[in-house]
Amino acid sequence: MQIVLVGYMGSGKSVVGQALANRLQLPFLDLDDYIEQEVGKDIPEIFRQKGEIFFRKKEHEFLREVLDSKDDLVLSAGGGTPCYSGNMDLLLNTTPNVFYLQMSVPALTARLIGEKDHRPMISHLRPEDLQEYIGKHLFERRPFYSRAHHSIPCEGKSVEEIVAAIAGKLV
């Protein structure tokens, strides 16, 4: 069984994915970590040295590789993964278990403000500009995320509650 979590950065894909994998006794894979391992550079470095187009090509290549393996796993996709290279179609056609971890702009802003310095896409922003940036970005990405088989509202819920909601919808 392949289970894929999609959603905006800070929505909890990695934390929830790890907890879900533990509950189901499946391997967990964070796609961003996998890309870094395979390319031998961290993602900010890849963007700086090779650019976003190179990154998105590698992201698609490694996503296809992981899904084609047919290995049972819980996969946390990068925040932008569903939005490029036909990746959302690939995900939806590979597994019936694609979950969108849904959070509001204010909740994401509150969560990300403390992590800003560790997030390359937002580290350059002033705190007062963060909510507007997230709102615009989420508006652009929501049409992709909302194609997931299931949307899981995550606001105000514990990791365990979110894991239970996902586990209850697995096919």
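These numbers were taken from a predicted model, which means no experiment stands behind them. (Residues numbered from 1 in each chain as written. Predicted model: local features only at pLDDT ≥ 70, side-chain atom pairs only at ≥ 80, totals over all residues. Heavy atoms only, no water.)

Novice: Tell me about the environment of Thr95, residues and numbers included.
Specialist: Residue placement: Thr95 occurs in the loop between helix 5 (87-94) and strand 4 (98-102). Sequence separation between Thr95 and Cys154 is 59 residues; the distance between their C-alpha atoms is 22 Å. For Thr95, the contacting residues outside a window of four places in its chain are Gln2, Val4 and His149. Of note is the side chain of Thr95, whose polar atom sits 2.5 Å from the backbone oxygen of Gln2. Polar contacts involving the side chain of Thr95 include one to the main-chain amide nitrogen of Asn97, which spans 3.1 Å. (Helix = DSSP H or I, 4+ residues; strand = E, 2+ residues; numbered from the N terminus. Contact = heavy atoms within 4.5 Å. Polar contact = N/O pair within 3.5 Å; in protein donor to acceptor, adjacent residues only side chain to side chain.)

Novice: Hey, could you go over the pattern of salt bridges for me, with residue numbers and the actual values?
Specialist: Counted by the stated rule, this structure contains 7 salt bridges. Glu61 is paired through a salt bridge with Lys58; the nearest N and O atoms lie 3.4 Å apart. On the criterion of helical spacing, the pair formed by Glu61 and Lys58 is a turn pair, its members being 3 residues apart in helix 4 (residues 52-68). Overlapping salt bridges, with partners in common, bring together Glu52, Arg56 and Glu59 in one network. (Salt bridge = Lys/Arg side-chain N within 4 Å of Asp/Glu carboxyl O.)

Novice: Go over the side chain of Arg56 with me, naming the residues and quoting the values.
Specialist: Among the structural elements, Arg56 can be located in helix 4. Its relative accessible area of 9% is what places Arg56 among the buried residues. Excluding residues within four positions of it along the chain, Arg56 makes contact with Phe47, Gly80, Thr81, Tyr84, Ser85 and Arg141. (Buried < 20%, exposed > 50% of the residue type's maximum accessible area, 1.4 Å probe, protein only.)

Novice: How would you explain the packing of aromatic side chains if you had to name every residue and give the values?
Specialist: What the rule picks out here adds up to 3 aromatic pairs. Where Phe47 meets Phe55, the ring centres are 4.9 Å apart and the plane angle is 40°; that geometry is what we call tilted. On the basis of relative accessible area, Phe47 is assigned to the partly exposed category, the value being 27%. The ring of Phe54 has Lys50 lying over it, and the distance from NZ or CZ to the ring centre is 5.3 Å. (Phe/Tyr/Trp six-rings, centres within 6.5 Å; stacked < 30°, edge-to-face > 60°. Lys NZ or Arg CZ within 6 Å of the ring centre and 35° of its normal.)

Novice: I'd like a rundown of the sheet that holds strand 2 (residues 28-30), residues and numbers included.
Specialist: The sheet built from 5 strands is open, its strands ordered 2-3-1-4-5 with parallel pairing. Looking at strand neighbours, the two that pair on one side only are strand 2 and strand 5 (150-153), the edges of this open sheet. Adjacent strand axes in the sheet meet at a mean angle of 25°, parallel and antiparallel pairs treated alike. Both strand 2 and strand 3 (residues 73-76) contribute to a ladder of 3 bridges, which runs parallel. Bridging from a neighbouring strand, Phe28 pairs with Val74 of strand 3. Helix-sheet contacts for helix 2 (residues 31-39) involve strand 2 and strand 3, and the interaxial angle to strand 2 is about 70°. (Pairing = 2+ DSSP bridges. Axes fitted to C-alpha atoms, helices over the stretch in contact; angles between N-to-C directions.)

Novice: Help me get a handle on the environment of Cys154, residues and values and all.
Specialist: Of note, Cys154 is situated in the loop between strand 5 and helix 8 (159-167). The spacing of Cys154 and Tyr100 is 54 residues in sequence and 9.6 Å in space, taken between C-alpha atoms.

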